[in-house]
Structures are given as C-alpha cells and as structure tokens.
Amino acid sequence: ETFDTLNRKIEKQATLIAKEGGVPKFYIRVLVELEDLLKEQLKDKELQKKFNKANGRAFNRMKLNLRKHNAKYESEIKAFRE
C-alpha cells in the first residue's frame, strides 16, 4: 500500500523531478532494496508454500509491480548498484 502511494507521488511530481535533475536517490534505493528482498524470498520455496492464498497473491502482485516500475528506472538502478 505505501509502495503504491510512493509511486503515485513520484508520478505526480514528474515535472518537478525532471527540473531538479532526476529521480531522487532514496526512491532508487527503495526499489533496489525491494528487488533484493523479493529475490531472497523467491529463493525460499518453503516459505512460499506456507503463504495462504491472499498472501501468495499479494506477493505475486508486488513482484509484478516492482518489475514494471524497475523497468522505467533501469539505468538509474544500474548506476546505483555500481
């Protein structure tokens, strides 16, 4: 829920962000940390089996949303990781 709120705020402020020099570093850091956390969770198959139906759906939705958003900021994420 807060991830969606943050994304909406970033999208609303797109003109200001473009004028100020790009996407804030904290936002890129959040995307990178979430991506790393999801990769760790994907490796743990036992944990995924323990998810109830609602949590499994939420996990998959978050994974897809994060991939979609990370595709927009791929170059910034790559630069942040280096």
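Please refer to the structure placed before this passage.
**Q** Describe in detail the overall build of the protein chain, supporting the description with residues and values.
**A** Scanning the protein chain for helices and strands turns up 6 helices and 0 strands. Its helices and strands in sequence order give the protein chain the pattern α-α-α-α-α-α, from N to C terminus. In terms of overall dimensions, the protein chain has C-alpha extents of about 45 × 30 × 15 Å along its principal axes. Within the protein chain, the proportion of its 82 residues that are buried is 23%. In the protein chain, of all internal contacts separated by at least 6 residues, the share reaching a separation of at least 24 is 68%. Considering the protein chain, the positive charge centre built from 20 side chains and the negative charge centre built from 13 side chains are found 5 Å apart.

**Q** Describe the side chain of N70, and please don't skip the residues or the numbers.
**A** Residue position: N70 is located in helix α5 (residues 53-72). If we ignore the near neighbours within four places in the chain, the residues touching N70 are L31, E35 and I77.

**Q** An account of α5 is requested, with residue identities and associated values reported.
**A** Since the α-helix advances by 3.6 residues per turn, residues separated by three or four positions end up pointing in the same direction. The first and last C-alpha atoms of α5 sit 30 Å apart over 20 residues, in line with the 28 Å expected at 1.5 Å per residue. Taken as a whole, α5 has its buried residues at G56, F59, K63, N65, L66, H69 and N70. Where α5 is buried, its residues meet α1 (2-12), α3 (25-43), α4 (45-50) and α6 (74-81). Among the residues of α5, the N-terminal cap falls to N52, whose side-chain oxygen and the backbone nitrogen of A54 are separated by 3.2 Å.

**Q** Please give an account of the packing of α3 against α5 that cites residues and values.
**A** Interhelical geometry of α3 versus α5 gives an angle of 140° and a closest axis separation of 10 Å. The angle between the axes of α3 and α5 places the two elements in the oblique class. The handedness of the crossing between α3 and α5 comes out as left-handed. Contacts from Y27, L31, L34, E35, L38, Q41 and L42 in α3 reach F59, M62, K63, L66, H69 and N70 in α5. Classifying every residue of the contact of α3 with α5 gives 8 nonpolar, 3 polar and 2 charged.

**Q** So, the packing of aromatic side chains: which residues are in play, and what are the values?
**A** Applying the stated criterion to the full structure yields 2 aromatic pairs. Residues Y27 and Y73 carry aromatic rings whose centres are separated by 5.5 Å and whose planes lie at 85° to one another, so their mutual orientation is edge-to-face. Of this pair, Y27 sits in helix α3 while Y73 sits in the loop between α5 and α6, placing them 46 residues apart in sequence. In this structure, Y27 and Y73 share a single accessibility class: buried. Geometrically, the ring pair formed by F51 and F59 is tilted, given 5.5 Å between the ring centres and 50° between the ring planes. On the basis of relative accessibility, which here comes to 10%, the residue F59 falls in the buried class.

Rules and cut-offs
Residues numbered from 1 in each chain as written. Predicted model: local features only at pLDDT ≥ 70, side-chain atom pairs only at ≥ 80, totals over all residues. Heavy atoms only, no water. Helix = DSSP H or I, 4+ residues; strand = E, 2+ residues; numbered from the N terminus. Buried < 20%, exposed > 50% of the residue type's maximum accessible area, 1.4 Å probe, protein only. Contact = heavy atoms within 4.5 Å. Lys, Arg positive; Asp, Glu negative; His and termini not counted. Charge placed at Lys NZ, Arg CZ, Asp CG, Glu CD. Expected span 1.5 Å × (residues − 1). Polar contact = N/O pair within 3.5 Å; in protein donor to acceptor, adjacent residues only side chain to side chain. Axes fitted to C-alpha atoms, helices over the stretch in contact; angles between N-to-C directions. Parallel < 35°, antiparallel > 145°, perpendicular 65-115°, else oblique. Left-handed = near helix turned anticlockwise from the far one by under 90°. Nonpolar A, V, L, I, M, F, W, Y, C, P; charged D, E, K, R; others polar. Phe/Tyr/Trp six-rings, centres within 6.5 Å; stacked < 30°, edge-to-face > 60°.

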